[in-house]
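# What the coordinates show
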Amino acid sequence: MEMTRSAPSGSASSVAVETVADRGYKGIPIGLERGSGSRKLLARMIRVMFPHKGIPDAPYIRAAEAVLALACEKPGRQVAFAAAIQDLMNLDFEAMDDAAALDHLRAMSATDFFTQFQGKALLAFYDDPEVWEHLGYEGPSFDKGGYVNRGFNDLDWLPDPRIEEYDGGEQ
Amino acid sequence: MKQIALDEPAVVIIGSGAGGGTLAYELTQQGIECVVLEAGPYLKNEDYENDEWKAFNQMAWLDPRTTSGSWRIAKDFPSLPAWIVKAVGGTTTHWSGATPRFKEHEFKALSTYGPVEGASLLDWPITLAEMEPYYERAEMAMGSTHRHGRAALPANNNYKVFANGAERIGYKRYATGPYATNAEPYDGRPASIQDGFNFQGDKSGAKWSIMVREIPRALETGLLDLRPDSHVVRITHDASGKADAVIYADKDGNLHRQAARVVCVAGNSIETARLLLLSESTRFPKGLANGSDQVGRNYMRHLTGSVYARFDKPVRMYRGETMAGLIADESRFDPSRGFVGGFYMETISLGPAFLAAFVEPGAWGPDFAEIMSSYANTAGMWIVGEDMPQSDNRITLSSNVRDQWDLPVANVHFDDHPNDVAMREYGYGKAAELYDAVGALGHHRTPPYPSTHNLGTCRMSERAEDGVCDRNGRTHEVANLFISDGSQMTTGAAANPTLTIVALAMRQADYLAGELKRGNL
């Protein structure tokens, strides 16, 4: 089961559609092929959504691929994603600076496309071991013997507190 | 393994979690044969995953459900009202391990709090004094730390922040337990290796669960017929109105009928109520044992809320026992705080995968990324308190969504009571104060997760018209039908419910064994 959130109905990307209608959908990347640039554009979107300075492109690309895989599960979703991606390409989304790109995403954040995109991108990106490493999370630990001898109690900037229950009686 | 014939009227237990698993263990210890029907697979320690989403997809109850009401879950996770387990051992597989007892006044909620507008409070038909011997037994079975001479768990990093903050704002009743994971080897199981994955099943076996203790020991008696992948779809009754069989689907969807002498339902509060509603008949048109129209009502899910605080130095909250830190100072009756009932504060940690999904559902952008960037320097706590039972917070059958067996799914309707909102706000404030006292740079108030403490829905009541079952969990209307899980709770109290579910099941087992031996069932 996907942990997708409910979404308002409506056009896949009505915000973008209004501004770029003149450029049309002639080149709509319905196959969402690797060579179409979809992956790169989505990776840029994910970096604007989840900006982490020290994280290289690879995890963003992997998250974009997870979104494309979700998009390609159903033809209706695939064409909606393709149209939304085409809109963003027509707008030269990738050329926008961070602030403009963020504003643009905010403007389209109520769309069904964005809600699905955000849900999947978040799950994929923060479930990536390379991202964990950057955030300082060590992943599976059982096979390494847990943390009992590897720092489960290594915090040293506060005094060691009492671990037993209070013996001053009930309140 | 014991094989009980389908046409032999058996003691049939539906569900193998804290309630059903305990009942099976206690009955087989007393020489009574039983069949346990578990909807999920038989997962063992070696099957569990040190990975949040893999574990979730392996063991969570993911059959469809629907939601309604003003609670935020209905917006953020509309098909996932509860985060519970579908596997042998039930939700004890992923439970945290905290084992505080309910308090005397919490068994007398209506008398203590007085009537609360909009709430359907009642006193339990049993008292703490009656429960105490069973609490003792449950703590021994589960190996609660800090009890009966057992050692406390050591302080992990998250606890160091939590306990120092508690001390600095004047709290006194903090400790690393009581907690049902071994600090030292106990009962044939090892000491904790502090791996931080008990929400994912605990591979080491240091944590008590029904899967590691009660199920194997019940099987060793040769009296338990355990059937995993067996999803009960209906309880049937005879002309006299007594339960006479249980019908279940195996994993391929083939139906089987097990004749029953006694039926004990322990499917966790949502499925227990749903099963009774699905078992309607001409004699029980609103559902089995539902003449009072109380089945499914008074669904409670505990208050809950989390606070994650950021510091300028490392915490590494994910290392060590996740919930081995409790503060009990706010677990008291003190309406001067602006609400009735009390709450606990308990350490909690999520990995980045779960934190991203749950810290602020739907959030993204630079502020959200900042929360995630601070991961290694973050401390977390969970607020768990008594929520008000409300008649309209209830489980009903969906009119339009069906499950894999083509049965109507459960709809879970929940509205927060004003008392719940007031307690949550107060709890968030105290949590922030605690973390500020040890130098937090900032904190985030996280809304309730999909419910892990699902209670009520078939509550115990003195009078038949107020509830579904009596003080022994026996339904008011069907003499050989028992409620054996957290569904029977009259009110929810503040404490994590597993210890009380186990204690209630032990008590029910004594009653059932007596009735069976006296030939009354």
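Up top is the structure these notes are about.
Residues numbered from 1 in each chain as written. Chains lettered and ligands numbered in written order. Predicted model: local features only at pLDDT ≥ 70, side-chain atom pairs only at ≥ 80, totals over all residues.

## Comments concerning the overall build of chain B
For the record, the criterion: Strands here are runs of E lasting at least two residues and helices are runs of H or I lasting at least four, both read from the DSSP assignment and numbered beginning at the N terminus. Each radius of gyration reported is based on C-alpha atoms, and the globular scaling rule is 2.2 Å times the count of residues to the power 0.38. Buried residues are those with 20 or more other C-beta atoms within 10 Å of their own C-beta, exposed residues have 12 or fewer, and partly exposed residues lie in between; C-beta atoms are placed from the backbone. Placing a C-beta atom from the backbone of each residue, one calls two residues in contact when those atoms lie within 7 Å.
Each helix and strand counted, chain B has twelve helices and 16 strands in total. For 521 residues, the compact-globule estimate of 2.2 N^0.38 gives 24 Å, and the C-alpha radius of gyration of chain B, at 22 Å, lies within 12% of that figure. Principal axes of the C-alpha set define a box for chain B whose edges measure 70 × 50 × 45 Å. Per-residue burial for chain B yields a buried fraction of 61% across its 521 residues. Relative to all contacts within chain B whose residues are 6 or more apart in sequence, the contacts with residues 24 or more apart total 75%.

## Considerations on the overall build of chain A
Scanning chain A for helices and strands turns up seven helices and zero strands. The 171 residues of chain A split such that 35% are buried.

## With respect to the interface of chain A and chain B
What counts, and what does not: Here the term charged refers only to Asp, Glu, Lys and Arg, the term nonpolar to Ala, Val, Leu, Ile, Met, Phe, Trp, Tyr, Cys and Pro, and the term polar to all other amino acids, Gly among them.
Between chain A and chain B, the residue contacts involve 43 residues of the former and 55 residues of the latter. Those elements that provide at least two residues to the side of chain A that touches chain B are α6 (112-125) and α7 (129-135) of chain A. Its residues placed into classes, the side of chain A that touches chain B shows 25 nonpolar, eleven polar and seven charged.

## Considerations on the environment of Q294 of chain B
Residue and element names in this part refer to chain B. Structurally, Q294 is set in the loop between α8 (268-278) and β9 (305-310). A C-alpha to C-alpha distance of 10.0 Å links Q294 and G456, two positions 162 residues apart in sequence. If near-sequence neighbours (up to four positions away) are discounted, Q294 is found in contact with R459, G467 and V468.

## So, the sheet that holds strand β13 (residues 395-402) of chain B
All names here are of chain B. Selection rule: Pairing between strands is defined by DSSP: at least two bridges between the two strands are required. Every axis in this analysis is a line fitted to C-alpha atoms, fitted for helices over the stretch in contact. Angles between the N-to-C directions lie between 0 and 180 degrees.
Sheet architecture is open: three strands sit in the order β3-β14-β13, paired in mixed fashion. Two strands lie at the open edges of the sheet, namely β3 (66-68) and β13, each paired on one side alone. Each neighbouring strand pair of the sheet contributes to a mean axis angle of 40°, computed without reference to strand direction. Inspection of the sheet shows β13 paired to strand β14 (residues 408-413) by four bridges, in the antiparallel sense. Counted as the bridge partner of T396 is N411 from β14. Against the sheet, α8 touches β13 and β14, its axis set at about 75° to β13.

## Let's talk about helix α2 (residues 38-49) of chain A
All names here are of chain A. Heads up, the rule is: By definition here, a helix of n residues has an expected span of 1.5 Å times n minus one.
The terminal C-alpha atoms of α2, which comprises twelve residues, lie 16 Å apart, in line with the 16 Å expected from a rise of 1.5 Å per residue. Taken across its twelve residues, α2 has nine buried, putting it largely inside the fold. Buried within α2 we find S38, R39, L42, A43, M45, I46, R47, V48 and M49.

## Regarding the pairing of strand β8 (residues 255-265) of chain B
Residues and elements named next belong to chain B. Note that strand β1 (residues 10-14) and β8 share five bridges and pair parallel. Looking at β8, one finds that I13 is bridged to C264. Bridge analysis of strand β7 (residues 243-249) against β8 gives five bridges, and the strand direction is antiparallel. Following the sheet pairing, I247 is matched in β8 by R257. In this structure, the hairpin formed by β7 and β8 is closed by a connection of five residues, where G253 is found at a positive phi of approximately 90°.

## A look at the nonpolar core
The cut-off we apply is this: In plain words, the nonpolar core is the set of buried Ala, Val, Leu, Ile, Met, Phe, Trp, Tyr and Cys residues that C-beta atoms within 7 Å link up.
If you look at the biggest cluster of nonpolar residues, it comprises 196 residues, and the most contacted ones within it are I46 of chain A together with I13 of chain B. Judged by nonpolar contacts, the second largest core, of five residues, contains Y147 and V148 of chain A together with I193 and A206 of chain B.

## Re the sheet that holds β9 of chain B
All names here are of chain B. Here we have six strands laid out as an open sheet, ordered β4-β10-β11-β12-β9-β15, and antiparallel in their pairing. Every other strand in the sheet has two partners, leaving β4 (174-175) and β15 (442-446) as the edge strands with one partner each. Relative to strand β11 (residues 343-347), strand β10 (residues 326-327) is paired through two bridges, and the arrangement is antiparallel. Of the residues in β11, the one forming a bridge with L326 is E346. Along the sheet face, helix α11 (residues 418-437) touches β9, β11, β12 (378-385) and β15 and points at about 20° away from the line of β9.

## Focus: the packing of helix α5 (residues 128-142) of chain B against helix α12 (residues 498-517) of chain B
Residue and element names in this part refer to chain B. The following threshold applies: Convention used here: angles under 35 degrees read as roughly parallel, angles over 145 as roughly antiparallel, angles from 65 to 115 as roughly perpendicular, and any remaining angle as oblique. Left-handed describes a crossing whose near helix is turned anticlockwise from the far helix through less than a right angle; right-handed describes the clockwise counterpart.
Relative to each other, α5 and α12 sit at 115°, their axes nearing to 8 Å. Considering their axes alone, α5 and α12 lie roughly perpendicular with respect to each other. Crossing handedness for the pair α5 and α12: right-handed. Taking contact as the criterion, the partners of M131, Y134, Y135, R137, A138, A141 and M142 in α5 are, on α12, L499, V502, A503, M506 and R507. Of the residues that constitute the contact of α5 with α12, the class distribution is ten nonpolar, no polar and two charged.

## A word on the environment of V48 of chain A
Residues and elements named next belong to chain A. By the secondary structure assignment, V48 is in helix α2. Judged by C-beta crowding, with 22 C-beta atoms within 10 Å, V48 ranks as buried. Separated by 57 residues in sequence, V48 and L105 have C-alpha atoms that sit 8.4 Å apart. The contact partners of V48, leaving out residues within four places of it in the chain, are D98, A101, L102 and L105.

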